[in-house]
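# Structural overview for review
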Amino acid sequence: MGGEPVIPLSLERISEVTGGRLHGSAAHPVDPGAMVTGEVVIDSRRAAPGGLFAAVAGERADGHDFAAAAVAAGAVAVLATRPVPVPSVLVADVPAALAALARFVVDALPAVRVAGITGSVGKTSTKDLAAQLVERLGPTIAPAGSFNNELGHPLTVLRADASTRYLVLELSARGIGHIAYLCRVAPPRYGVVLNVGHAHAGEFGGLDQVARAKGELVEALPDAGAGGVAILNADDPRVLAMAGRTAARVVTFSAAPHASDTPHASDTPHGQHQSHAPQPTIRAADVRLDDLGRPGFTLLTPEGSARVAMRLHGAHNVPNALAAAALARELGAGLDGIADGLSAAVARSRWRMEVRQRPDGVTVINDAYNANPESVRAALDALAHLAQGGRAFAVLGHMAELGGSSRASHEDIGEYAAGSGLAGLIAVGAEAAPLLDGARRVRSWHGEALAVPDGAAALDALANLVKPADVVLVKASRAARLEGVAADLLREADR
């Protein structure tokens, strides 16, 4: 929370909202009337005067051990599940308490318009684009990075204050019911679904289950008469089918080149079905990539068309931009403002298609935040474009959470990588080794195929391979932590 308090957030009120009880010690008695006016945090290093520290027990550390440090830094109190030697609100479950507090704040801000964005790929990039468009309309809160789960979601909402007009939220899921839960924390009026892909498919049990989970967002929307709007990707059949799962008004977007150049809104009443898919509301036409792989396109809307020249890298950002444009349009942005905003938007979250060139001419693409089959293919496409017929190398770690399809998916990606004409493919770690089996299916490919145990070994291999003007992609699931490889590659030229 920031600025003026939204509501009287005394410790007594917080205890009532969360179902907790106040607790103090002789040395540090608790004041029920003490006001929380600062940010709610789960990292004690970010505790500041007027804030509230939520003590979460993690895999590596227990926040309760840092309660005293947080209060010493200025936090008014600690949200905890067991007694600590400083003023606190004791609750049964800290994440649930944060959720209850966030819902209390949302309900106290009836003027705030809440939008949720989900999908297997591109959630964070789309959220960042949408936030940069919506900020032009008024004070906006959006999560930093991928703050999109049962902790990050309420913490983002709790940054809202009386001046906030828009909440642009990112919703993730590791199973059925997760998105529905997040929607109860901050009920959205606008819901954007980007795609249904293989990310977490192993945990869910298949793509149909992924679609079921992602569709919980549109099911949570109010009906069309109450202002609910579902924004769906017309190019993904599983997403488009979600139109039948919502009572909200449906708006669609499409980056498909074969779609009509005269889109119009789909206002088909809930429960009625057409014999053919409605034309998309928001479209991209004449998509072109510049030498750095930055897409330009003509944005087509019911109000007219405008040219967009993006600063982000990769053609896969076009549908992300269309989704952001559709949301901004529903919130009241005009065509010119949307096109200008998309052209000015920058990457706000780290390690997502960060493209930098070393002094010696080697280009490094750091896309190491996460990986799944769809996102790796998109990154490989961007790599091939940036190489422009020159030499391209891919350093790929494993794609996590694919379940029983993991080996086959890695082999398919290896085949795709070899087919794109790489000069070299480096698989990092044992779980990524099947990439090379797939690459060897392409008999016409004669690039380097190397299996290495870790990032340090990948750097050693690249040192003997990479020359000026080459392009290197680094990508893996977050658990592989390959972002350091990209950072070290950039430092290599300075040594």
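As a starting point, this report considers the structure included with it. This structure is a prediction, so every number in the text was calculated from the model and none was measured. (Residues numbered from 1 in each chain as written. Predicted model: local features only at pLDDT ≥ 70, side-chain atom pairs only at ≥ 80, totals over all residues. Heavy atoms only, no water.)

## Side note on the overall build of the protein chain
- Summing up its helical and strand segments, the protein chain has 17 helices and 20 strands in all.
- Since a compact globule built from 495 residues should have a radius of gyration of about 23 Å, the 24 Å found for the protein chain is in line with a globular shape.
- For the protein chain, the spread of C-alpha atoms along the three principal axes comes to 75 × 55 × 40 Å.
- Residues counted as buried form 53% of the 495 residues belonging to the protein chain.
- Nonlocal contacts in the protein chain, meaning residues at least 24 apart in sequence, comprise 66% of its contacts between residues at least 6 apart.
- Within the structure as shown, the protein chain displays about 20000 Å² of accessible surface, and the carbon and sulfur contribution to it stands at 50%.
- Within the protein chain, one finds 44 positive and 51 negative side-chain charges whose respective centroids are separated by 1 Å. (Helix = DSSP H or I, 4+ residues; strand = E, 2+ residues; numbered from the N terminus. Rg over C-alpha atoms; globule rule 2.2 N^0.38 Å. Buried < 20%, exposed > 50% of the residue type's maximum accessible area, 1.4 Å probe, protein only. Contact = heavy atoms within 4.5 Å. Areas by Shrake-Rupley, 256 points an atom, 1.4 Å probe, with all protein chains shown as cover. Lys, Arg positive; Asp, Glu negative; His and termini not counted. Charge placed at Lys NZ, Arg CZ, Asp CG, Glu CD.)

## Quick notes on helix α11 (residues 317-330)
- Taking 1.5 Å per residue as the helical rise, α11 with its 14 residues ought to reach 20 Å, and the 20 Å between its terminal C-alpha atoms agrees with that figure.
- Phi turns positive, to about 115°, at G332, one or two residues after α11. (Expected span 1.5 Å × (residues − 1).)

## Digging into unusual backbone geometry
- Residue D286 is not a glycine yet carries a positive backbone phi of 55°.
- Structurally, D286 can be placed in strand β12 (residues 282-289).
- Overall, D286 belongs to the partly exposed group, its relative accessible area being 40%.
- Non-glycine residue A469 carries a positive phi angle of around 85°.
- Its location among the elements puts A469 in the loop between α16 (455-463) and β20 (471-475).
- You can call A469 exposed: its relative accessible area is 54%.

## Observations regarding the pattern of salt bridges
- Enumeration according to the criterion identifies 28 salt bridges in this entry.
- Between D65 and R82 there is a salt bridge, with its nearest N and O atoms 3.8 Å apart. Within this pair, whereas D65 is found in the loop between β3 (52-54) and α2 (67-72), its partner R82 is found in the loop between β4 (77-80) and β5 (88-90), the two being separated by 17 residues in sequence.
- Judged by relative accessible area, which is 57%, D65 ranks as exposed. (Salt bridge = Lys/Arg side-chain N within 4 Å of Asp/Glu carboxyl O.)

## Details of the pairing of strand β11 (residues 249-254)
- Counting buried residues in β11 gives five out of six residues, a clear majority hidden from the surface.
- Pairing geometry for strand β10 (residues 229-233) and β11, over five bridges, is parallel. Residue V229 lies in a different strand from β11, and its bridge partner there is R249.
- Two elements, β11 and β12, share two bridges in a ladder whose sense is parallel. Residue F253 lies in a different strand from β12, and its bridge partner there is I282. (Pairing = 2+ DSSP bridges.)

## Description of the nonpolar core
- One finds L11, L79, L98, L167 and L232 to be the most contacted residues of the largest nonpolar core, which totals 52 residues.
- Element by element, the count of residues in this core is highest for helix α3 (residues 94-107), at eight residues.
- One finds Y190, V251, A306 and L335 within the second-largest nonpolar core, a separate group that totals 41 residues. (Core = buried A, V, L, I, M, F, W, Y, C linked by side-chain atoms within 4.5 Å.)

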